[in-house]
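# Descriptive structure summary
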Amino acid sequence: MIENYENQINNLSTLGLQIYEQKIKYKHKEIKVSSLNIRYGVSIPAQKRIYGKYKLFASNGISDYIDKFNAESAIIFGCRGSVGNTYYSKDKCFVLNTAFYIENKTEYGNLYFALKYEKGLSLYATGAAQPQITINDVSKAIIKFPIDDELNTILDLSLIHI
């Protein structure tokens, strides 16, 4: 049953990417990444973390639950180590310094699928042993947004926001 559920989530995520690709072919707006208010996550040493109800995101996804948050309705993508992974949390969460986040309550579906399509801007990664992306690296990039917010519904349905 869990396997079936995971397959349904993956199918909806794939559908969202396909819809995104079709939408940007015909009509889209171009958004400068520098206008998206990208923020670095915050470092919090493991020994100072207190278990709680908020998801703790790192560059590779949810790594724990803690008692504080620094973001809400956030698109999260890895900037150190696991660059390119993209996640969404509709709820309050804490984002570690191995990831960027963008808070967006209106066009989160477009933003999530745009970043997913662009592989979390991993094209701008530097470093061989441990790849990383900086805000300065991606500030001149442009991503394409569909005109409507239909992708919010796909993202909500897919429960990608774990």
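Residues numbered from 1 in each chain as written. Predicted model: local features only at pLDDT ≥ 70, side-chain atom pairs only at ≥ 80, totals over all residues. Heavy atoms only, no water.

Further remarks concern the overall build of the chain. The helix and strand inventory of the chain stands at four helices and eight strands. Ordered by position from N to C terminus, the α and β elements of the chain give α-β-β-β-β-β-β-β-α-α-β-α. Counting the 162 residues in the chain, one finds 43% classified as buried. Contacts in the chain between residues at least 24 apart in sequence constitute 70% of all its contacts with a sequence separation of at least 6. Split by element, the accessible area of the chain, about 8,900 Å² in all, is 51% carbon and sulfur. One finds the centroid of the 19 positive side-chain charges in the chain at a distance of 6 Å from the centroid of its 16 negative side-chain charges. (Helix = DSSP H or I, 4+ residues; strand = E, 2+ residues; numbered from the N terminus. Buried < 20%, exposed > 50% of the residue type's maximum accessible area, 1.4 Å probe, protein only. Contact = heavy atoms within 4.5 Å. Areas by Shrake-Rupley, 256 points an atom, 1.4 Å probe, with all protein chains shown as cover. Lys, Arg positive; Asp, Glu negative; His and termini not counted. Charge placed at Lys NZ, Arg CZ, Asp CG, Glu CD.)

One open sheet holds the six strands; their spatial order is β2-β7-β5-β6-β3-β4, and the pairing between them is mixed. Two strands close off the open sheet at either side, each with one partner strand: β2 (39-40) and β4 (61-66). Strands in contact with helix α2 (residues 108-117) are β5 (71-78), β6 (86-95) and β7 (99-103); relative to β6, the strand with the most contacts, it is inclined by about 130 degrees. (Pairing = 2+ DSSP bridges. Axes fitted to C-alpha atoms, helices over the stretch in contact; angles between N-to-C directions.)

It is worth spelling out the packing of α2 against helix α4 (residues 150-158) at this point. At a minimum axis separation of 6 Å, α2 and α4 run at an interaxial angle of 75 degrees. Classified by the angle between their axes, α2 and α4 sit roughly perpendicular to one another. Judged by residue contacts, Y108, G109, N110, Y112 and F113 of α2 engage L151, N152, I154, L155 and D156 from α4. Here the residues of the contact of α2 with α4 are counted per class, giving six nonpolar, three polar and one charged. (Parallel < 35°, antiparallel > 145°, perpendicular 65-115°, else oblique. Nonpolar A, V, L, I, M, F, W, Y, C, P; charged D, E, K, R; others polar.)

The biggest cluster of nonpolar side chains holds 29 residues, and the ones touching the most others in it are I38, L111 and I143. For this core, the secondary-structure elements that each account for two or more residues are α1 (2-26), β5, β7, α2, β8 (142-146) and α4. If you tally residues by element for this core, the top one is α2, at six residues. Apart from residues lying up to four places away in sequence, I38 is in contact with V33, F77, F100, Y101, I102, I135 and V138. (Core = buried A, V, L, I, M, F, W, Y, C linked by side-chain atoms within 4.5 Å.)

A complete count under the given rule lists seven aromatic pairs for this structure. Note on Y20 and Y117: the rings are 5.2 Å apart at their centroids and 55 degrees apart in plane angle, and the pair reads as tilted. One end of the pair, Y20, is in helix α1; the other, Y117, is in helix α2, with 97 residues separating them in the sequence. Taking the relative accessible area as the measure of exposure, Y20 reaches 0% and is therefore buried. Between the aromatic rings of Y112 and F113, the centroid separation amounts to 5.0 Å while the plane-to-plane angle is 85 degrees, which identifies the pairing as edge-to-face. On the basis of relative accessibility, which here comes to 0%, the residue F113 falls in the buried class. Joined through ring pairs, the aromatic side chains of Y40, F77 and F100 make up one cluster. (Phe/Tyr/Trp six-rings, centres within 6.5 Å; stacked < 30°, edge-to-face > 60°.)

Negative phi characterises most residues that are not glycine, and trans characterises most peptide bonds. Here S73, not a glycine, exhibits a phi torsion of approximately 50 degrees, which is positive. In this fold, S73 is placed in strand β5.

Chain-level pLDDT for the chain is 90 on average; 94% of the residues reach the 70-or-more range. Mean pLDDT across the elements of the chain bottoms out in α1 (81) and peaks in strand β3 (residues 54-58) (97). (pLDDT = per-residue confidence, 0-100.)

Most of α2 sits inside the fold, with eight of its 10 residues counted as buried. Among the residues of α2, those classed as buried are Y108, G109, N110, L111, Y112, F113, A114 and L115. Directly after α2, the chain includes K119, whose backbone phi takes a positive value near 55 degrees.

Attention shifts here to the pattern of salt bridges. Tallying each qualifying case throughout the model produces six salt bridges. K23 serves as the salt-bridge partner of D148, at 2.8 Å between the closest nitrogen and oxygen. A residue pair is termed long-range when its members are at least 10 positions apart, and D148 in the loop between β8 and α4 and K23 in helix α1 qualify at 125 residues. (Salt bridge = Lys/Arg side-chain N within 4 Å of Asp/Glu carboxyl O.)

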